Amino acid sequence: KKILNGIVTGCKSSGCALIGGETAEMPTTYQKGKFDLAGFAVGLVEKKNLLTKDKIKQNDIILAVPSSGLHSNGYSLIHHILKKKNLHLPKKIKEELIKPTKIYVNEINKINNKKLINGCANITGGGLLGNLIRVIPKKLSLNINLSKIKTKYIFKWLKKNNIKDEEMLKTFNCGVGFCLLANKKKIKKIKKMFPKKYLP
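Residues numbered from 1 in each chain as written. Predicted model: local features only at pLDDT ≥ 70, side-chain atom pairs only at ≥ 80, totals over all residues. Heavy atoms only, no water.

Participant: Report on the overall build of the protein, specifying residues and quantitative values.
Facilitator: Across its full length, the protein holds eight helices and three strands. Along the protein, helices (α) and strands (β) appear in the sequence α-β-α-α-α-β-α-α-α-β-α when read from the amino end. Considered along the principal axes of its C-alpha atoms, the protein spans approximately 55 × 45 × 35 Å. A total of 200 residues make up the protein; the buried ones form 32% of that total. (Helix = DSSP H or I, 4+ residues; strand = E, 2+ residues; numbered from the N terminus. Buried < 20%, exposed > 50% of the residue type's maximum accessible area, 1.4 Å probe, protein only.)

Below, the structure written as structure tokens:
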């Protein structure tokens with residue numbers, strides 16, 4: 001019931017319809033008390049509204065939108081750390097580990113409808129570099145200033161467990177949940193449309 005409530009909450013916050021589901025009982029496949037849950041979402045967009053690589057130009061700026069936390073990425077590594085070290089978790093860390101992922105669809109649609117961005121990237125597995133590279137043309141390169149990112153407590157705590165910087169940036173969002181690529185002249189308009197709690 002709690003899981004379904006979470007799914008419904010996510011659908012409502014993103015304007016997504018929950019249109020079906022199936023429960024398959026396989027007693028010889030799963031141990032008692034264990035289950036597997038899988039889901040997916042499908043989106044539809046008019047071809048004229050697609051954000052394609054050719055829209056991104058030289059000297060466009062990358063705006064980093066803060067994450068709400070881990071965003072469902074890196075949990076295999078986290079589980080490995082906890083199992084290996086048998087760590088006692090502070091309450092603050094426990095809360096961070098189960099914090100829901102921020103869904104940006106409403107804000108991004110609002111901004112995109114005003115034609116303010118040339119591209120965007122959801123920062124999931126692969127981190128900043130792995131996800132941003134997918135949306136920029138091959139002839140362009142990225143210049144990311146990591147010192148501008150405000151690192152959340154959960155990522156600082158994880159780093160203390162002997163995770164290399166390269167692995168941190170590849171596995172976790174490290175504080176950036178979404179990136180917007182836009183012309184510098186449009187930054188003020190974008191900030192006005194995005195809630196102040198997300199954009200400084």
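Next comes the rest of the write-up.
Participant: Describe unusual backbone geometry, with residues and values.
Facilitator: The phi torsion at His-71 lies on the positive side, around 55 degrees, for a residue other than glycine. Inspection of the secondary structure assignment puts His-71 in the loop between β1 (61-66) and α2 (75-85). Under the relative-accessibility criterion, His-71 is labelled buried at 8%. The phi angle at Ser-72 is positive, at roughly 65 degrees, despite the residue not being glycine. Mapped onto the elements, Ser-72 comes out in the loop between β1 and α2. We classify Ser-72 as exposed; its relative accessible area is 56%.

Participant: Could you give an account of the packing of aromatic side chains, with specific residues and numbers?
Facilitator: Counted by the stated rule, this structure contains two aromatic pairs. The positively charged end of Lys-92 is found above the aromatic ring belonging to Tyr-153, 4.1 Å away from the centroid. (Phe/Tyr/Trp six-rings, centres within 6.5 Å; stacked < 30°, edge-to-face > 60°. Lys NZ or Arg CZ within 6 Å of the ring centre and 35° of its normal.)

Participant: Let's hear about the side chain of Asn-118: which residues, and what values?
Facilitator: Residue placement: Asn-118 occurs in the loop between α4 (105-113) and β2 (119-122). Judged by relative accessible area, Asn-118 falls into the buried class, the value being 15%. Looking at Asn-118, its side chain comes within polar contact range of the side chain of Asp-60, at 2.8 Å. If we ignore the near neighbours within four places in the chain, the residues touching Asn-118 are Leu-51, Thr-52, Lys-55, Ile-56, Asp-60, Leu-181, Ala-182 and Asn-183. (Polar contact = N/O pair within 3.5 Å; in protein donor to acceptor, adjacent residues only side chain to side chain. Contact = heavy atoms within 4.5 Å.)

Participant: I'd like a rundown of the sheet that holds β2, residues and numbers included.
Facilitator: Spatial strand order, β1-β3-β2: three strands in an open sheet with antiparallel pairing. Looking at the sheet topology across the chains shown, the edges are occupied by β1 and β2. Averaged over all adjacent pairs, the angle separating strand axes in this sheet is 20 degrees, with direction ignored. Both β1 and strand β3 (residues 176-182) contribute to a ladder of six bridges, which runs antiparallel. Bridge pairing in β3 places Ile-61 opposite Ala-182. (Pairing = 2+ DSSP bridges. Axes fitted to C-alpha atoms, helices over the stretch in contact; angles between N-to-C directions.)

Participant: If you had to explain the pairing of β2 to someone new, which residues and values would you point to?
Facilitator: Residues Gly-119 and Ala-121 point to one face of β2 and are all buried, whereas Cys-120 and Asn-122, pointing to the other face, are not buried. When β2 meets β3, the two strands line up antiparallel, connected through four bridges. Paired with Cys-120 across the two strands is Leu-180, which belongs to β3.

Participant: I'd like to hear about the pattern of salt bridges, residue by residue, with values.
Facilitator: For the coordinates displayed, the defined rule picks out four salt bridges. Among the salt bridges present, the one from Lys-170 reaches Glu-167, with a minimum N-O distance of 3.9 Å. One end of the pair is Lys-170 and the other is Glu-167, both in helix α7 (residues 165-171) and three residues apart, which spans about a single turn. Taking the relative accessible area as the measure of exposure, Glu-167 reaches 30% and is therefore partly exposed. (Salt bridge = Lys/Arg side-chain N within 4 Å of Asp/Glu carboxyl O.)

Participant: Lay out α4 with the relevant residues and their values.
Facilitator: For α4, the full list of buried residues reads Glu-107, Ile-108 and Ile-111. The buried residues of α4 occupy an angular sector of 95 degrees when projected down its axis, which confines them to one face. Once α4 finishes, Lys-115 follows within two positions and takes phi at roughly 60 degrees, a positive value. (Arc of directions from axis to C-beta.)

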